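Observations on the model geometry
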Amino acid sequence: MEKIDLRHVSTETRETIRKQVVSLLKKKMKHADIADVLNISVNAVHRISKSYKAKGSACIKEKTRGRKFGEKRQLNPEQEKEIRKILIDKDPQQMKLS
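Residues numbered from 1 in each chain as written. Predicted model: local features only at pLDDT ≥ 70, side-chain atom pairs only at ≥ 80, totals over all residues. Heavy atoms only, no water.

Description of the overall build of the chain
Applied cut-off: By definition, any uninterrupted DSSP run of H or I lasting at least four residues is a helix, any uninterrupted run of E lasting at least two residues is a strand, and each is numbered from the N terminus. What the globule rule says is 2.2 Å times the number of residues to the power 0.38, and the radius of gyration is computed from C-alpha atoms. Exposure is judged per residue with a 1.4 Å probe applied to protein chains only, and the accessible area is read against the type maximum: over 50% gives exposed, under 20% gives buried, and values in between give partly exposed. Accessible areas in this description were obtained via Shrake-Rupley with a 1.4 Å probe; residue shielding takes into account the shown protein chains only. Positive charges come from Lys and Arg alone, negative charges from Asp and Glu alone, with His and the N- and C-terminal ends not counted. Charge coordinates come from a single atom per side chain, which is NZ of Lys, CZ of Arg, CG of Asp or CD of Glu.
A tally of helices and strands in the chain yields four helices and zero strands. In the chain, the succession of helices and strands from N to C terminus is α-α-α-α. A globule of 98 residues ought to have a C-alpha radius of gyration of about 13 Å, yet the chain, at 23 Å, is considerably larger. In terms of principal-axis extent, the alpha carbons of the chain reach across some 70 × 30 × 20 Å. For the chain, with 98 residues in total, the buried portion stands at 21%. Carbon and sulfur atoms make up 52% of the accessible area of the chain, which totals about 8300 Å². Side chains of the chain give 25 positive and 13 negative charges; the mean places of these two sets differ by 8 Å.

Put into structure tokens, the structure is as follows:
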């Protein structure tokens, strides 16, 4: 059976797997055995173990992913509003757009 790729599962599933890994680490199971039981890679177990040793139980909670709202914007909100006003109720031909 193919291993579970943690990048392609839901946030809840990742958090559940992390909890299980931490629980099994506390029971002194070997990383390879944990990987076999949970059907994940040994590298994933190593990463979770390392993170747990560094951050404690805070490593279980999933961080927010992606850009923060408004980051890397080219226009400020006032400029966006102005453009919306210009474009509303206009035909692309009127604006010389394809």
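The structure having been displayed, the exposition proceeds.
Comments concerning the pattern of salt bridges
Test applied: A pairing counts as a salt bridge when a side-chain nitrogen of Lys or Arg comes within 4 Å of a carboxyl oxygen of Asp or Glu.
Taken as a whole and assessed by the stated rule, the structure comprises six salt bridges. Between Asp 5 and Arg 7 there is a salt bridge, with the nearest N and O atoms lying 2.8 Å from each other. Residue Arg 7 is classed as exposed on the basis of its relative accessible area of 64%. Ionic pairing is found between Glu 80 and Arg 84, a salt bridge with its closest N-O pair at 3.7 Å. Here the residue Glu 80 and the residue Arg 84 both occupy positions in helix H4 (residues 77–87), the gap between them amounting to four residues, near one helical turn.

Here's the deal with the packing of helix H1 (residues 11–26) against helix H3 (residues 42–55)
What counts, and what does not: Axis lines are fitted to C-alpha atoms, over the contacting stretch for helices. Their N-to-C directions set the angle, which ranges from 0 to 180 degrees. Just so you know how the angles are binned, under 35 degrees is roughly parallel, over 145 roughly antiparallel, 65 to 115 roughly perpendicular, and the rest oblique. In this description, contact between two residues means that some pair of their heavy atoms is separated by no more than 4.5 Å.
Contact geometry of H1 with H3 gives a least axis separation of 10 Å together with a crossing angle of 75 degrees. By the angle class used here, H1 and H3 are roughly perpendicular. Contacts between H1 and H3 involve Arg 18, Val 21, Val 22, Leu 25 and Lys 26 from the former and Val 45, Ile 48, Ser 49 and Tyr 52 from the latter.

Some remarks on the environment of Gln 20
Inspection of the secondary structure assignment puts Gln 20 in helix H1. Since its relative accessible area comes to 36%, Gln 20 is described here as partly exposed. Separated by 18 residues in the primary sequence, Gln 20 and Leu 38 have C-alpha atoms spaced 8.1 Å apart.

Describing the confidence of the model for the chain
Defined as follows: pLDDT: the predictor's confidence for each residue, scored from 0 to 100.
Taken residue by residue, the chain gives an average pLDDT of 88. The fraction at 70 or more is 100%. Per-element confidence in the chain is highest for helix H2 (residues 31–38), whose mean pLDDT is 95, and lowest for H4, whose mean pLDDT is 88.

Digging into the packing of H1 against H2
Stated precisely, the cut-off is as follows: If you view the pair so one helix is near and one far, a crossing is left-handed when the near helix is turned anticlockwise from the far one by less than a right angle, and right-handed when it is turned clockwise. Basically, the charged four are Asp, Glu, Lys and Arg, the nonpolar ten are Ala, Val, Leu, Ile, Met, Phe, Trp, Tyr, Cys and Pro, and anything else, Gly included, counts as polar.
Across the interface, H1 lies against H2 with an axial gap of 10 Å and an inter-helix angle of 140 degrees. One finds that H1 runs oblique with respect to H2. Handedness of the H1/H2 crossing: right-handed. Judged by residue contacts, Ile 17, Gln 20, Val 21, Leu 24 and Leu 25 of H1 engage His 31, Ile 34, Val 37 and Leu 38 from H2. Taken together, the residues that form the contact of H1 with H2 break down as seven nonpolar, two polar and no charged.

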